[in-house]
Amino acid sequence: MNVLVIGSGGREHALCWKLSRSAGVDRLHCIPGNGGIADLAECRDISVGDTAGLLEFTKKMKIDLVVVGPENPLAGGIVDAFEAKGIPIFGPVARGAAIEASKIFSKELMRDSSIPTAHFQIFDEHEKALRYISGKEPPFVIKADGLCAGKGAYVIKDIAEAESVLKELMVNGIYGDAGRKVVIEEFLPGIEASYLAFADGKTILPMPASQDHKPLLDEDLGPNTGGMGAYTPIPFLNDDLEREIRDGIMLKTIAAMREMGIPYKGVLYGGLMLSGGKPYVIEFNARFGDPETQPIIFKMKSDLLPVLIACVEGRLDKLEDITWKEGVSVCVVIASKGYPENPEKGKVIRGLDLLSGREDVAVFHAGTKRVGSEYHTSGGRVLGVTALGATYEEAISKAYDAVGVIDFEGMYYRRDIGKKALLVK
Ligand code: AMP
Ligand code: GLY
């Protein structure tokens, strides 16, 4: 099969790494890819928003399966466009991707289907939102309705901050139309977990639960980022909780969308808060998470290709269970100085050759590019150093030992990835 992966992050590198090991993949392409992906797949520099260009490429290269990484093309209807031409593509149609692209759609669906989530109100008028918060006791959370590259959620600690956020979003329009409408919701204290599942429109096959580390600094301080590290599995779930998540959240959401005439195929990602011993949905994403996909895919034993095809063809129920390697998988993200606001670029990365060929460590690239025989930094999150170990301690120490081998000017990483799992035991 000829397979095309769309995207350029650590998530897409992990997907390409896994697909490149699949007996069923003859030729692997990635658009646009990155420095590390270029070692595994043929990369082409077409914009991921250029659906016509992507369709033309797909036809010319006789692509048999397209796998979409990021949310923007999904929300923009890339799956609808490819399906209309009869090209198999992994991901939800635009109406399904709205579960991520519109917080209002997602919150209303959860409310109407009794899926546990924080209580909320929707506002499309600045005055009304202001009046509502004036009588509200912080903490609470303000969320832009639309896609804001992961920056649209604000945990509010005082009313002055809330007033300023509402002004920026609804009056000044810092995120354009994406922020003109907002959801204001109750703050849920607890432990965050990422629950990703393959979906085929009717049923799901879950991946092991994982935990992201969104804030930039250790101890979850500093601004939110795309994610500074992740590990899987997590020690916070028992069988009852897992069943509640699978049946009461994930399957229920797929069923609710099906009832609305939306065949949800691809990955459904539940961003959960385990609060007071119960799971609540903080947000849904319509795709593989990044960095979560890196440790998850590194732990996957089964071939990925048949799973993706079964999702597209709506026959996940016919697939054997997915098997996972024993132990713990940890990914530490190395970022550039200045990330997330203004990352430096163009720095030479050293030490990668010392880690190549290892079965228990993989370095997935995000913001890198190949320059001659070197890899240079080209973005905020640069590498996802991922390691497998028998225990949390072992996986964490292997990942950090590998991080210690890598060097580039201004590199930054959190020192406490996986620490919450250690505290449980
Ligand atoms: P989101 O973009 O919706 O994932 O939100 C970003 C981050 O804000 C989450 O990872 C949480 O840490 C936090 N957050 C969002 N909504 C809530 C909530 N209702 N209660 C507590 N924390 C929240
Ligand atoms: N790691 C968070 C996300 O993928 O949205």
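Small disclaimer: the values here were computed from a predicted structure and weren't measured.

1. Considering the state of the cysteines
Under the defined criterion, the tally for this structure stands at zero disulfides. Left unpaired, Cys 30 is separated from the closest cysteine sulfur, that of Cys 16, by 4.2 Å.

2. Some details on the site of ligand 2
In the vicinity of ligand 2, the contacting residues are Asp 212, Lys 214, Gly 226, Tyr 269, Asn 285, Arg 287, Gly 289, Asp 290, Pro 291 and Glu 292. Within the side chain of Asn 285, a nitrogen or oxygen atom sits 3.3 Å from an oxygen atom of ligand 2. Asp 290 has a polar backbone atom sitting 2.9 Å from a nitrogen atom of ligand 2. Against a free-state accessible area of 200 Å², the protein chains account for coverage of 90% of ligand 2. When grouped by side-chain class, the residues that make up the shell around ligand 2 number two nonpolar, three polar and five charged.

3. Details of the packing of aromatic side chains
The geometry of an aromatic ring pair comes down to the distance between the two centres and the angle between the two planes. The tally for this structure, following the rule as stated, stands at nine aromatic pairs. Relative to Tyr 413, the ring of Tyr 400 lies with its centre 6.1 Å away and its plane at 45 degrees, an arrangement referred to as tilted. You can see Tyr 400 sitting in helix H12 (residues 392-403) and its partner Tyr 413 sitting in the loop between H12 and helix H13 (419-424), a full 13 residues away along the chain. With respect to burial, Tyr 400 and Tyr 413 carry one shared label: buried. Clustering of aromatic rings is evident, with ring pairs tying together Trp 17, Phe 298 and Phe 364. Seen from the ring of Tyr 375, Arg 370 lies directly overhead, with NZ or CZ sitting 4.7 Å from the centre.

4. A closer look at the site of ligand 1
Lining the immediate environment of ligand 1, one finds 16 residues, of which Glu 185, Glu 186, Leu 188, Glu 192 and Glu 283 sit closest. Contact between ligand 1 and Lys 103: an oxygen atom at 3.3 Å from a side-chain N or O atom of the residue. Contact distances for ligand 1 include 2.7 Å between a nitrogen atom and a side-chain N or O atom of Glu 185. In isolation ligand 1 offers 470 Å² of accessible surface; the protein chains occlude 91% of this area. Secondary-structure elements contributing two or more residues to the shell around ligand 1 are strand E7 (140-144), strand E8 (153-156), strand E9 (182-186) and strand E17 (278-285). Here the residues of the shell around ligand 1 are counted per class, giving eight nonpolar, one polar and seven charged.

5. Observations concerning the side chain of Asp 212
Position of Asp 212 among the secondary structure elements: in strand E12 (residues 211-212). No salt bridge forms around the buried Asp 212; measuring N to O, its nearest opposite-charge neighbour Lys 214 is 4.8 Å away. Those residues within four positions of Asp 212 in sequence are excluded, and the remaining contacts are Ser 194, Gly 226, Gly 227, Met 228, Gly 229, Ala 230, Pro 291 and Glu 292.

6. Observations regarding the domain arrangement of the protein chain
Once the domains are mapped, the protein chain shows domain 1 (2-94) and domain 2 (125-180). Computed from C-alpha coordinates alone, the two centres of domain 1 and domain 2 are separated by 35 Å.

7. Here's the deal with the layout of surface pockets
Any space left empty among the atoms is revealed by the rolling of a water-sized probe across them. Roughly 510 Å³ of volume is contained in the second largest pocket. What lines the second largest pocket is a set of 26 residues, and nearest its centre among them are Asp 39, Leu 352, Ser 356, Val 363 and His 365. Among the elements of the structure, helix H1 (10-20), strand E20 (361-365) and strand E22 (374-377) are those that each provide at least two residues to the lining of the second largest pocket. Of the residues forming the lining of the second largest pocket, the biggest block, five residues, is contributed by E20. Looking at the lining of the second largest pocket residue by residue, the class counts come to 11 nonpolar, eight polar and seven charged.

About the criteria used
Residues numbered from 1 in each chain as written. Chains lettered and ligands numbered in written order. Predicted model: local features only at pLDDT ≥ 70, side-chain atom pairs only at ≥ 80, totals over all residues. Heavy atoms only, no water. Disulfide = S-S within 2.5 Å. Near = heavy atom within 4 Å. Polar contact = N/O pair within 3.5 Å; in protein donor to acceptor, adjacent residues only side chain to side chain. Areas by Shrake-Rupley, 256 points an atom, 1.4 Å probe, with all protein chains shown as cover. Nonpolar A, V, L, I, M, F, W, Y, C, P; charged D, E, K, R; others polar. Phe/Tyr/Trp six-rings, centres within 6.5 Å; stacked < 30°, edge-to-face > 60°. Helix = DSSP H or I, 4+ residues; strand = E, 2+ residues; numbered from the N terminus. Buried < 20%, exposed > 50% of the residue type's maximum accessible area, 1.4 Å probe, protein only. Lys NZ or Arg CZ within 6 Å of the ring centre and 35° of its normal. Lys, Arg positive; Asp, Glu negative; His and termini not counted. Salt bridge = Lys/Arg side-chain N within 4 Å of Asp/Glu carboxyl O. Contact = heavy atoms within 4.5 Å. Domains from an automatic or database assignment. 1 Å grid on protein atoms, 1.4 Å probe; cavity = no way out; pocket = protein on both sides within 12 Å on 5 of 7 lines; lining within 4 Å. Points joined across faces, edges and corners; volume = space filled by probe spheres on them.

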